[in-house]
Amino acid sequence: MTTTHCPYCSLQCGMTLTRSGGPRGPLEVGAWESFPVNEGALCRKGWTAAGLRGHRERLTTPLVRETLPDGTRGELRPASWDEALDLVADRLRDLRAAHGPDAVAVFGAGGLTNEKGYQLGKFARVALGTSQIDYNGRWCMSSAASAGLRALGVDRGLPFPLADVERTDVLVLAGSNLAETMPPAARHLDRLRARGGRVVVLDPRRTPTADRADLHLAPVPGTDLALALGVLHLVVAAGAVDEEYVAARTTGFDEVRRSVAAWWPERVERVTGVAADEVRALADLLVGTAGTGGRVMVLTARGVEQHSQGSDTVLAWINVALALGQPGRPGAGYGCLTGQGNGQGGREHGQKADQLPGYRMIDDPAARAHVAGVWGVDPASLPGKGRSAYELLEALGQPGVDGGPDGPRAMLVLGSNIVVSAPNATHVTRRLESLDLLVVADMVLSETAAIADVVLPVTQWSEETGTMTNLEGRVILRQAATRPPEGVRSDLEVIAGLAARLDAPGTFSTDPEEVFAELGRASAGGKADYSGLTYDRIRAEHGVFWPCPATPDDEPDHPGTPRLFADSFGHADGRARFLATEFRGAAEQPCDDYPLHLTTGRVLGQYQSGAQTRRIRDLPDDGPFVELHPMLARRLGTADGELLTVSTRRGSMRAPARVVETIRPDTVFVPFHWVGANRLTNDALDPASRMPEFKVCAAAVTA
Ligand code: SF4
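Residues numbered from 1 in each chain as written. Predicted model: local features only at pLDDT ≥ 70, side-chain atom pairs only at ≥ 80, totals over all residues. Heavy atoms only, no water.

### Here we look at the site of the ligand
Right, so step 1: The immediate surroundings of the ligand are formed by Cys6, Tyr8, Cys9, Leu11, Gln12, Cys13, Leu42, Cys43, Lys45, Gly46, Met182 and Pro184.
Right, so step 2: Split by residue class, the shell around the ligand holds nine nonpolar, two polar and one charged. (Near = heavy atom within 4 Å. Nonpolar A, V, L, I, M, F, W, Y, C, P; charged D, E, K, R; others polar.)

As structure tokens, this is what we get:
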């Protein structure tokens, strides 16, 4: 039996895997009761995670696309590893020689282990010399990351263990449906309520999480920022600002105070559709709790973050928490419920266009010198900041805009199914198809792999060891429980094979423990310092929270940092920043042609682009649907189960109606696990985080 963690979301539930029938026999998932985050509980995705083991669609040989006699693209055909890697390396070398290093791009993922993400970032900067690397985590938590970094000086999803949720008195869940997206976490809500705490949910849909709430407010999609501004307006008006805390621990409040002066409840109602009395009820709850020494916790998630003003909305909720004097208190403060399995670690060690390992910024000379020293290269050889994920995809195969550099002509994709998960997906797919070379490493022929020139079959989670960093900043160890099928290689082996063919300087180990030790050295002294961590420690301690710096040999190990901000925030002066925001609203507003709001999200039985979960027999796969209110259904003359067409300015899709009372009548919801939803979504970007506006656009629905 092997203790490990679920392959999917950021809760990274502990589980056991037991093998029967030899080294390649079936795996059975079991409960790992002593792992504290989930205490043995799993959702149905976790229980069925071993279903891809031995799946008939599992890739076990590289595939290379044939070129037809007339020069056009033929079918994918099996190839040897040497043929596939030689071909990729030769093409990359030629493109680099002809067009410069930025002609080659790398696209990573928030599902990759820390070791893979680190090695991919190093490969891009050292072996390819390209600045063009980013990852799909940009589409997940980047708005909260940007806001957390600016306001609190540190970006760590939760700055406290998840179990602290039970210790608060009022929990505000802004745009989170955790009862459906990470059910084992919902136990904390139940325990909080059992001890008399209250739960507030902000969501345009009455989700299973909202059903457990004491107060549910359903703003019009795209107006969450106005609601937060209105709440702070009432906190100020009630004289409930914790002036002592604000003076001692923060800067910038006066400007924020002025910025919320015009957000009285009736104006909030007009903008958000939330009744003024409900806004007052929320503010009264927060003021009454904090004012009597109680604890308030605000957690944001994708519902309020995946907007063109997502980072402003997070800043506004951080402002509320700071004004009430909460961050740094036990059982209180602000946090972000991260989404992908390693969305947190994925951005700490170099996959992001602007970052180097240890959460260092790539334009910081001291950071470049330190990391270059670990990598054994000249700091001047490291490229600068590249394009963000969507901007990178938009630029593929395109000439430079306004005299800027041309877009990349080749891209290597690890762990991401872009064709399904990118916003404005039809446009993005065309960009992918325009490349001279698209290489995808995956375990199955995902929709993105299917259009690639070279497909590399790689290991899945139960066949490889590596660390992940969960939503709490807890670094945990996924341990291999079984061997991969013949013909399959790990991502680390793929990277090492290409690095060797490209004569890259430095070393590219294929041993995850060695890579982790190097990652620790590269992260030493950075915000996300892992240098005191080893696989043995993580294994023995059920995970360790970063920062965890190395200590001298004659001193005890650093204990890790479960809770941040007790005495000091992450800025040099130790103070948090109040940052004023201004409401603009969604980039696209309903109009005569597109009179409704479209929002997208997840369902319990599927995960992200569905490349894995849609192939697991024991998970329900009813395909996409269009959720709409009975009033809207009557207006459209449709009924439950009838096919509808949803259209936006970017495309359309057809799916059956699901008529429910739990959604606003002016809004429709489509889950994004299947091809279709993201053909509709808007690629408007948040100016600070470069997060696309997945969560709202204008749409038309016809029967
Ligand atoms: Fe896996 Fe997330 Fe479900 Fe836990 S909640 S079993 S980590 S998908």
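Next comes the rest of the write-up.
### As for unusual backbone geometry
Right, so step 1: A cis geometry characterises the amide bond from Trp546 onward to Pro547, with omega recorded as -5°.
Right, so step 2: Mapped onto the fold, Pro547 is located in the loop between strand S21 (544–545) and strand S22 (576–577).
Right, so step 3: The phi angle at Asp402 is positive, at roughly 50°, despite the residue not being glycine.
Right, so step 4: Within the secondary structure layout, Asp402 lies in the loop between helix H17 (389–395) and strand S16 (410–414).
Right, so step 5: The phi torsion at Asn424 lies on the positive side, around 50°, for a residue other than glycine.
Right, so step 6: Tracing the chain through its elements places Asn424 in the loop between helix H18 (418–421) and helix H19 (425–433). (Helix = DSSP H or I, 4+ residues; strand = E, 2+ residues; numbered from the N terminus.)

### Quick notes on the sheet that holds S21
Right, so step 1: Ordered by their spatial adjacency, three strands build an open sheet running S19-S20-S21, and the pairing between neighbours is antiparallel. Since the sheet does not close on itself, it has two edges, and those belong to strand S19 (466–469) and S21, each with one partner.
Right, so step 2: Where strand S20 (residues 474–478) and S21 come together, two bridges link them in antiparallel fashion. Across the sheet, Arg474 pairs through a bridge with Phe545, a residue of S21.
Right, so step 3: Its contacts with the sheet place helix H3 (residues 114–128) against S19 and S20, and it is angled at close to 95° to S19. (Pairing = 2+ DSSP bridges. Contact = heavy atoms within 4.5 Å. Axes fitted to C-alpha atoms, helices over the stretch in contact; angles between N-to-C directions.)

### Quick word on the packing of helix H8 (residues 224–237) against helix H11 (residues 265–272)
Right, so step 1: Remark: H8 packs on H11, axes separated minimally by 9 Å, with the N-to-C direction vectors making an angle of 170°. Between H8 and H11, the angle falls in the class roughly antiparallel. Residue-level contacts link Ala226, Leu227, Gly230, His233 and Leu234 of H8 to Pro265, Val268, Val271 and Thr272 of H11. (Parallel < 35°, antiparallel > 145°, perpendicular 65-115°, else oblique.)

### Considering the packing of helix H4 (residues 142–152) against helix H14 (residues 310–323)
Right, so step 1: Contact geometry for H4 and H14: axes closest at 8 Å, N-to-C directions at 45°. Relative to H14, the element H4 is oriented oblique. Crossing hand, H4 versus H14: right-handed. Residue-level contacts link Ser143, Ala144, Ser146, Ala147, Gly148, Arg150, Ala151 and Leu152 of H4 to Gly310, Ser311, Val314, Leu315 and Ile318 of H14. (Left-handed = near helix turned anticlockwise from the far one by under 90°.)

### Looking at the packing of aromatic side chains
Right, so step 1: According to the stated counting rule, one finds 12 aromatic pairs in the structure shown.
Right, so step 2: Centre to centre, the rings of Phe123 and Phe508 are 6.4 Å apart; their planes meet at 85°, and the pair counts as edge-to-face. Of the two residues, Phe123 is situated in helix H3 and Phe508 in the loop between helix H20 (491–501) and helix H21 (512–523); the sequence distance between them amounts to 385 residues. This pair shows no difference in class: Phe123 is buried, exactly as Phe508 is.
Right, so step 3: Joined through ring pairs, the aromatic side chains of Phe107, Trp139 and Phe694 make up one cluster. (Phe/Tyr/Trp six-rings, centres within 6.5 Å; stacked < 30°, edge-to-face > 60°. Buried < 20%, exposed > 50% of the residue type's maximum accessible area, 1.4 Å probe, protein only.)

### With respect to the domain arrangement of the protein
Right, so step 1: By the assigned domains, the protein splits into domain 1 (63–139 + 342–545), domain 2 (148–337) and domain 3 (596–702).
Right, so step 2: Taking only C-alpha atoms into account, the centre of domain 2 sits 26 Å from that of domain 3.
Right, so step 3: Summed over both sides, the interface between domain 2 and domain 3 buries roughly 1900 Å², with carbon and sulfur atoms accounting for 55% of that surface.
Right, so step 4: The largest share of the area that domain 2 buries against domain 3 comes from Arg205, Gln306 and Ser308, three residues that together contribute 34% of it.
Right, so step 5: Here domain 2 is connected to domain 3 by one salt bridge.
Right, so step 6: The interface formed by domain 2 and domain 3 includes nine residue pairs in polar contact (both at pLDDT 80 or more).
Right, so step 7: Classifying every residue of the side of domain 2 that touches domain 3 gives six nonpolar, 11 polar and seven charged. (Domains from an automatic or database assignment. Buried area = accessible area lost by both parts, 1.4 Å probe. Salt bridge = Lys/Arg side-chain N within 4 Å of Asp/Glu carboxyl O. Polar contact = N/O pair within 3.5 Å; in protein donor to acceptor, adjacent residues only side chain to side chain.)

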